[in-house]
Amino acid sequence: MKPAPAELAADTWRLMFDFFVSSNPQRSESLQRRGLTPNDSRILNSLDTAGRPIGELARQFNSDPSNTTWVVDRLEQAGYVQRRPSPTDRRVKLVALTPLGLETQTALLAEFRVPPPGLAALSSAELETLHRLFSKLNPSTTDR
């Protein structure tokens, strides 16, 4: 008897989640080499050189603004981000990537996107199936 779609979806998600968690040491090593935490990485990877208000970052991550400020302070001390005034509201400070922050963001994403050994060991047909399915789940991703 086939499992119900909801049960199959739950089991599939469990497998995907467990695989993602099991590959965490690879990502953690990238962060540790740079003295970054996962929260540092989340903020760093959500920024660009134009900048975003801290309040917007806090809302995005459902975080208290003071905690987000603390993370931004750490990133600023390390030279990854800078605060600057908003051109439209002098009460708001924007957080933007520095050249070092942009370089680090690019390097982290490149390292995070190296396939874990288990994934790389799949056959071409299996990888094509996964690619097709994940493309369907993430339509905003362009083919790279």
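Conventions we followed
Residues numbered from 1 in each chain as written. Predicted model: local features only at pLDDT ≥ 70, side-chain atom pairs only at ≥ 80, totals over all residues. Heavy atoms only, no water. Salt bridge = Lys/Arg side-chain N within 4 Å of Asp/Glu carboxyl O. Helix = DSSP H or I, 4+ residues; strand = E, 2+ residues; numbered from the N terminus. Buried < 20%, exposed > 50% of the residue type's maximum accessible area, 1.4 Å probe, protein only. Polar contact = N/O pair within 3.5 Å; in protein donor to acceptor, adjacent residues only side chain to side chain. Contact = heavy atoms within 4.5 Å. Pairing = 2+ DSSP bridges. Patch = residues over 30% accessible without salt bridge, like charges linked within 9 Å, V, L, I, M, F, W, Y side chains within 5 Å. Areas by Shrake-Rupley, 256 points an atom, 1.4 Å probe, with all protein chains shown as cover. Axes fitted to C-alpha atoms, helices over the stretch in contact; angles between N-to-C directions. Parallel < 35°, antiparallel > 145°, perpendicular 65-115°, else oblique. Left-handed = near helix turned anticlockwise from the far one by under 90°.

A.B. asks: Explain the pattern of salt bridges here, please?
C.D. replies: For side chains bearing opposite charge, pairing can occur when the charged atoms are close. For the structure shown, the criterion picks out 10 salt bridges. Linking D40 and R74 is a salt bridge whose minimum nitrogen-to-oxygen distance equals 2.5 Å. Of this pair, D40 sits in helix α3 (residues 38-45) while R74 is found in helix α5 (residues 65-77), placing the two residues 34 residues apart along the sequence. Residue D40 is classed as buried on the basis of its relative accessible area of 1%. By relative accessible area, which is 28% here, R74 ends up partly exposed. The network of salt bridges with shared partners includes E29, R33, R34 and E111.

A.B. asks: Teacher, can you tell me more about the side chain of T68 here?
C.D. replies: Mapped onto the elements of the fold, T68 is located in helix α5. One polar contact links T68 to S63, side chain to side chain, over a distance of 3.2 Å. Among all residues touching T68, those that are not within four sequence positions of it are I43, I54, L57, A58 and S63.

A.B. asks: Mind showing me how you'd approach unusual backbone geometry here?
C.D. replies: The phi angle of most residues is negative, glycine excepted, and most peptide bonds adopt the trans form. For N62, which is not glycine, the phi torsion reads 50° and is therefore positive. Along the chain, the position of N62 falls in the loop between α4 (54-60) and α5. In this structure N62 comes out as exposed when scored by relative accessible area, which is 74%.

A.B. asks: Looking at this structure, I do not really get the pairing of strand β3 (residues 93-97). What am I missing?
C.D. replies: Looking down a regular strand, the side chains alternate between one sheet face and the other. Within β3, 4 of the 5 residues are buried, which leaves the element mostly enclosed by the surrounding structure. Two elements, strand β1 (residues 52-53) and β3, share 2 bridges in a ladder whose sense is antiparallel. Paired with R52 across the bridge in β3 is V95. The sheet contact formed by strand β2 (residues 81-85) and β3 spans 5 bridges and is antiparallel. By the bridge assignment, P85 is partnered in β3 with K93.

A.B. asks: Even after reading the chapter, I still don't get a nonpolar patch on the surface, so can you show me in this structure?
C.D. replies: The grouping of W13, F17, F20 and V21 at the surface amounts to a nonpolar patch, some 450 Å² of accessible area in total. Considering the arrangement of structural elements, one finds F17 in helix α1 (residues 5-22). For F17, a relative accessible area of 44% puts it in the partly exposed group.

A.B. asks: What exactly am I supposed to notice about the packing of helix α2 (residues 24-33) against helix α6 (residues 99-112) here?
C.D. replies: Each pair of packed helices gets described by two things: the angle between the helix axes and the distance between those axes. For the pair α2 and α6, the least separation of the axes is 9 Å and the interaxial angle reads 160°. For the element pair α2 / α6, the angle class is roughly antiparallel. As α2 packs across α6, the resulting crossing turns out to be right-handed. For the pair α2 and α6, contact is made by Q26, R27, S30, L31 and R33 and by L108, E111 and F112, respectively.

A.B. asks: What is the right way to read the side chain of T104 from this model?
C.D. replies: Topologically, T104 is positioned in helix α6. Residue class for T104 comes out buried when judged on its relative accessible area of 6%.

Geometry only, nothing functional implied.
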